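# Fold and geometry: a report
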Amino acid sequence: MKLLFSITLVLVLVTGSYSWPSLRGIFSHIMGSKAKHTHQQETNEVVKMENWVKPPFCNELDCPKYQRLASKEGYEIRKYAKSGWVSTNMLDMSYGQSSYKMFRKLFNYIQRGNVAAAKIPMTAPVTMRIIPGQGPACEQNFTMSFFVAGDFSAAPKPNATDVFLNQTPEVVAYVRQFDGYAMSFSTWRTQALALAKAINDSSLYHQNFYYTAGYNSPFQIVNRHNEVWFIKK
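The paragraphs below set out a description of the structure included in this document. None of the values given here were measured: they were computed from a predicted structure. (Residues numbered from 1 in each chain as written. Predicted model: local features only at pLDDT ≥ 70, side-chain atom pairs only at ≥ 80, totals over all residues. Heavy atoms only, no water.)

## Some remarks on the nonpolar core
Operational definition: As used in this record, nonpolar core signifies buried Ala, Val, Leu, Ile, Met, Phe, Trp, Tyr and Cys residues forming a set joined through side-chain atoms within 4.5 Å. To sort residues, take the accessible area from a 1.4 Å probe on protein chains only and compare it with the maximum for the residue type: under 20% means buried, over 50% means exposed, and anything in between is partly exposed. Numbering of helices and strands runs from the N terminus; a helix is a DSSP stretch of H or I covering at least four residues, while a strand is a stretch of E covering at least two. Contact between two residues is taken to exist if any of their heavy atoms lie within 4.5 Å; hydrogens are not considered.
By size, the foremost hydrophobic cluster in this structure holds 35 residues, and its most contacted members are F146, Y174, V228 and F230. Of all elements in the fold, only β2 (75–80), β3 (83–92), α3 (95–110), β4 (126–131), β5 (140–148), β7 (171–178), α4 (185–199) and β9 (226–231) reach the threshold of two or more residues within this core. Tallying contributions element by element places α3 first for this core, with seven residues. If sequence neighbours within four positions are ignored, F230 has contacts with V172, A173, Y174, A192, L195, A196, I199, Y205 and Y210. If you look at the next biggest cluster of nonpolar residues, it comprises 16 residues, including C58, L61, Y66 and W229.

## Describing the sheet that holds β3
Rules: Pairing between strands requires that DSSP locate at least two bridges from one strand to the other. The angle between two axes is taken between their N-to-C directions and runs from 0 to 180 degrees, where each axis is a line fitted to C-alpha atoms and a helix contributes only its stretch in contact.
Strand order in the open sheet made by the nine strands is β1-β2-β7-β9-β8-β4-β5-β3-β6, with antiparallel pairing throughout. Of all strands in the sheet, those bounded by a partner on one side alone are β1 (66–72) and β6 (164–168). Across the sheet, the axes of successive neighbouring strands diverge by a mean angle of 30 degrees, strand direction being ignored. One ladder, built from six bridges, connects β4 with β5; its direction is antiparallel. From the neighbouring strand, V126 faces β5, where its bridge partner is F146. Contacts between α3 and the sheet are confined to β3, β4, β5, β6 and β8 (210–214), with β3 contributing the most and set at about 140 degrees to the helix.

## Considering unusual backbone geometry
Residue P125 is reached from A124 by a cis peptide bond, and omega for that bond is -10 degrees. Looking at the secondary structure, you find P125 in the loop between α3 and β4. Residues other than glycine seldom take positive phi values, yet N59 does so here, at roughly 55 degrees. Structurally, N59 is set in the loop between α2 (20–30) and β1. For E60, which is not glycine, the phi torsion reads 70 degrees and is therefore positive. Topologically, E60 is positioned in the loop between α2 and β1.

If you want it as structure tokens, here you go:
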């Protein structure tokens, strides 16, 4: 089993809100082997769903299937197939602290915290849906998810009442890719603003929420891959 990455535990390391020994215990499970990664080359070639090949940035983990509809300056347009996820959500003002808490809940699910007591392989990416609060001192609505590979109907139910299985329909997403460490919420916000600027037409996508997606272990130094998703109306 290869458990190679998280999207947000890096943020917790920066905040210093949690002790390193507790984080190290999680990382020791995640780091099954050194991740292999190759950046996806920009291209105008349309990739059809039936010809889809798992991209290198999935690091040999299972990840959701998509069709690349177009590559634009600063982003690409993807059509994602119907997919299954295990999720948890939280209202909080802190992206870093809520990320840590939600990751622990989902990690516990794949570490036998389910009705089948099954140990489930990690997948990619770890996504976070963000619904911004109504004002600067308001709680944000966060939903973190792990992709469910294989037959969704066979996925064991979570033991925790605040962890749930769900499916998303086929969707079209505007995707901005970037490398490096996304070590603060300001990094995600900067990339989301860059995506909005590149699209240059806010009527095309839902504005009341967006997604972040991370593919790498915090110990992977180079060839990191992160994404911001806007969902097409």
